[in-house]
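# Geometric and topological summary
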Amino acid sequence: MISIPHKAKQFLVLLIKLLIVVGAFYFIYDQLANNDKLDWQKFISLFRKNQSVLGIGFILLLSVLNRYFEILKWKNLVKVIQEISLSEATKQVLAALTAGIFTPNGVGEYAGKALYYPKSDAKKVVFLNLICNGIQMILTIIFGVFGLLYFNTVYNVITGEKVLILFGGFVFLLILLFSVKKIKIKGYSIEKLIHKINEIPKPIHQKNIFLGICRYLVFSHQYYFLFLAFDVDLPYLTLMAAITSVYFLASSLPTFQFLDFAVKGSVAIYFFGILGVNEWIVVFISTLMWFLNVVLPVIFGSYYVLNFKAETVK
């Protein structure tokens, strides 16, 4: 086995950290600078018209709460391995978010968190992160399905027959999934996965679900309030149904964190186009949501990435 000198190892770690941070900021700049659908003049004009210190402060507070609930979720789940402080949980979540920004579906986030723990706990950390993200996905599906059904009832996007076919297909997949739960893929089975989930104490699961709901309500309503700020006057239920539908459909598509706003923006243009909302407003709000909930946390996460100590890896 080849031994790497300590100085060379330190340089390699520094180089990796710099590549992660520089890569993250390059992708952010590229998406903001080269998006021809962003009409900055219209945005500045509307911002000057509706600017409010309290309004801006409120929207920023929702971004803080969004990430805060995610940090609390991680702090709650990781106590299965060890108790960590709120500041440590913040460091791990933001650094992992930065590491995962240009990986498919944020896969780098799993590795980012695992680096803060001994190698013997790596699989447990990845599993807990899967639980952390999994509950958010399940909530997105639940709220999204109800939102999509309500939106379809009002605007008849797809016929009732197609809704029944989709619902029947979903039920069939669930039945099929649980009927083959003993089949193993790479040594893992659904039955084993369910068993491992049940090993986590119920109070931790309950708190995880509660925090997940809080987080979902925060970022979906942040989307809602941004539409109000852009003078979009639509009934609350209609607007929320469109928002939950957008999150549901966009989250089912494989993507990168740095392209998140583009994917959600594309889906949002379709739904809000039906509601008669101007395309540039939809694109701008999707971009702002991405900037507030991904870019800003990545800026802070970059600090933690650059200050990550290789000695913490065991």
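Residues numbered from 1 in each chain as written. Predicted model: local features only at pLDDT ≥ 70, side-chain atom pairs only at ≥ 80, totals over all residues. Heavy atoms only, no water.

### Focus: the overall build of the protein chain
- From N to C terminus, the protein chain includes twelve helices and zero strands.
- Going from the N terminus to the C terminus, the protein chain shows its helices and strands as α-α-α-α-α-α-α-α-α-α-α-α.
- Considering the protein chain as a whole, with its 314 residues, one finds that 42% of them fall into the buried category.
- Here the contacts in the protein chain between residues at least 6 apart in sequence split such that 75% fall between residues at least 24 apart.
- Summed over its atoms, the accessible surface of the protein chain is roughly 17,800 Å², and 70% of this surface lies on carbon and sulfur atoms. (Helix = DSSP H or I, 4+ residues; strand = E, 2+ residues; numbered from the N terminus. Buried < 20%, exposed > 50% of the residue type's maximum accessible area, 1.4 Å probe, protein only. Contact = heavy atoms within 4.5 Å. Areas by Shrake-Rupley, 256 points an atom, 1.4 Å probe, with all protein chains shown as cover.)

### Considering the UniProt feature "transmembrane region" (unreviewed entry) in the protein chain
- Summarizing the sequence annotation, UniProt attributes the feature "transmembrane region" (unreviewed entry) to residues 12-29, 49-69, 126-151, 163-180, 261-282 and 288-306 in the numbering used throughout.
- Secondary structure within residues 288-306 divides into 100% helix and 0% strand; the distance between the first and last C-alpha atoms comes to 26 Å. (UniProt positions renumbered as here; feature names shortened; annotations may be inferred.)

### Regarding the nonpolar core
- Within the largest apolar cluster, 33 residues are counted, with the highest numbers of intra-cluster contacts made by Y223, F227, I243, F272, V277 and I285.
- Other than its neighbours up to four places away in sequence, F227 contacts V232, L239, I243, F272, V277 and I285.
- Residues W74, A114, C132 and V305 belong to the second largest nonpolar core, which totals 20 residues. (Core = buried A, V, L, I, M, F, W, Y, C linked by side-chain atoms within 4.5 Å.)

### Focus on helix α9 (residues 202-229)
- Here α9 spans 41 Å end to end across 28 residues, near enough to the 40 Å set by a 1.5 Å rise per residue.
- D231 sits one or two residues past α9 and shows a positive phi near 60°. (Expected span 1.5 Å × (residues − 1).)

### Things to note about the side chain of T98
- Within the fold, T98 resides in helix α4 (residues 86-99).
- Within the structure, the side chain of T98 is placed 3.4 Å from the backbone oxygen of V298, a separation counted as a polar contact. (Polar contact = N/O pair within 3.5 Å; in protein donor to acceptor, adjacent residues only side chain to side chain.)

### Structural notes on helix α10 (residues 236-251)
- Helix length check: α10, at 16 residues, gives a terminal C-alpha distance of 22 Å against a target of 22 Å (1.5 Å per residue), a fit within 8%.
- Within α10, twelve of the 16 residues are buried, which leaves it mostly tucked inside the rest of the structure.

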